[in-house]
Amino acid sequence: QEMSGVDAAFPAQLPSAGGAEVAIHLPLAHPTETPKCMFGDAESPGVLSADYVTCISPSIQAGFHSVYVARNGQDFERLPVAASESNAVFVEVKPAVEVHIVYPEVAFNGGGSVVQITGRHFVFDDVQCKFGWVGVTAFVVSSALIHCEVPAVESGAYALEVTQPGSTAAEPLVRPNFIFDE
């Protein structure tokens, strides 16, 4: 089907592991439509609300991928062959975070200390560290190093994860339990 209905996608940067909620602007959408999204060649079911389709990004290779929507779940809207690719909507897919080392692995339960996490692909500006259910913004030093300030929590062992913006996917650390002590 030769139509160019998609004119924006947010966020424009997605993790390659998938799991990010993406809002795709689709003007003149009809409430009875059951849309599907396509990121490059990977399909994902969509949910329609007002002029947007919301899809969960699939797991796909890093790079730039065009975004299409099938309003009826089958016929994906594409730009006419004569149209320039510069008119297409693209998202940038970045590699999944890899965590190698966490130091220290134990902290005071009152919070305030800083944990250094080394790994690969810390390429998003708003990476978070989650200590159990408590998320804190990571300070991205480089694509291989982040710092996270430890929150104040009860003593005990907590799962420690590094998450990327808008994603439900997380990279568990080498030591899945971070210890808070008195």
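Coordinates for the structure precede this section.
Residues numbered from 1 in each chain as written. Predicted model: local features only at pLDDT ≥ 70, side-chain atom pairs only at ≥ 80, totals over all residues. Heavy atoms only, no water.

## Considerations on the overall build of the protein
In terms of regular secondary structure, the protein is built from zero helices and 17 strands. When burial is assessed residue by residue, the protein has 42% of its 182 residues classed as buried. On the protein, roughly 9500 Å² of surface is accessible, and the fraction owed to carbon and sulfur atoms is 54%. (Helix = DSSP H or I, 4+ residues; strand = E, 2+ residues; numbered from the N terminus. Buried < 20%, exposed > 50% of the residue type's maximum accessible area, 1.4 Å probe, protein only. Areas by Shrake-Rupley, 256 points an atom, 1.4 Å probe, with all protein chains shown as cover.)

## Looking at the sheet that holds strand β8 (residues 90–94)
Strand order in this open sheet of eight strands is β1-β3-β6-β5-β4-β7-β8-β2, and the pairing throughout is mixed. Looking at which strands have only one partner, the edges of the open sheet turn out to be β1 (8–10) and β2 (13–15). The sheet shows a mean angle of 35° between the axes of neighbouring strands, taken without regard to direction. Judged from the four bridges that link them, strand β4 (residues 36–39) and strand β5 (residues 42–49) form a sheet pairing that is antiparallel. Among the inter-strand pairings, F39 is bridged to a residue of β5, identified as A42. (Pairing = 2+ DSSP bridges. Axes fitted to C-alpha atoms, helices over the stretch in contact; angles between N-to-C directions.)

## Some thoughts on the environment of P104
Note on placement: P104 falls in the loop between β9 (98–103) and β10 (106–108). Taking relative accessible area as the criterion, P104 reaches 25% and is therefore assigned partly exposed. Here the alpha-carbon distance between P104 and Q116, two residues 12 residues apart in the chain, equals 7.2 Å. Not counting residues within four places of it along the chain, the set of residues in contact with P104 comprises V114, V115 and F178. (Contact = heavy atoms within 4.5 Å.)

## A few points about the state of the cysteines
A complete count under the given rule lists two disulfides for this structure. Each disulfide pairs two cysteine sulfurs, and for C37 the partner residue is C55, the sulfurs being separated by 1.7 Å. Taking the torsion about the S-S bond as the criterion, the C37 to C55 disulfide, at about 60°, is right-handed. Remark: C55 occurs in strand β6 (residues 52–56) and C37 occurs in strand β4; sequence separation between them is 18 residues. (Disulfide = S-S within 2.5 Å.)

## With respect to the nonpolar core
Formed by 22 residues in total, the largest nonpolar core has its most connected members in I117, C129, F131, I146, C148, V162 and F178. For this core, the secondary-structure elements that each account for two or more residues are β9, β11 (114–120), β12 (128–131), β15 (145–149), β16 (156–163) and β17 (170–181). Looking at this core element by element, the count peaks at three residues for β16. If near-sequence neighbours (up to four positions away) are discounted, I146 is found in contact with V115, Q116, I117, F122, V127, C129, A138, F139, V140, V141 and V162. Core analysis: the next-biggest nonpolar cluster, separate from the first, contains 19 residues, A9, V22, L26 and A42 among them. (Core = buried A, V, L, I, M, F, W, Y, C linked by side-chain atoms within 4.5 Å.)

## Let's talk about the pairing of β11
Along β11, the buried face is formed by V115, I117 and G119; none of V114, Q116, T118 and R120, which line the opposite face, is buried. Taken together, the five bridges between β9 and β11 define a ladder with antiparallel strand orientation. Residue pairing across strands places E98 opposite R120, the latter belonging to β11. Relative to β15, β11 runs antiparallel, the two being bridged by five bridges. Within β15, the residue paired with I117 across the bridge is I146.

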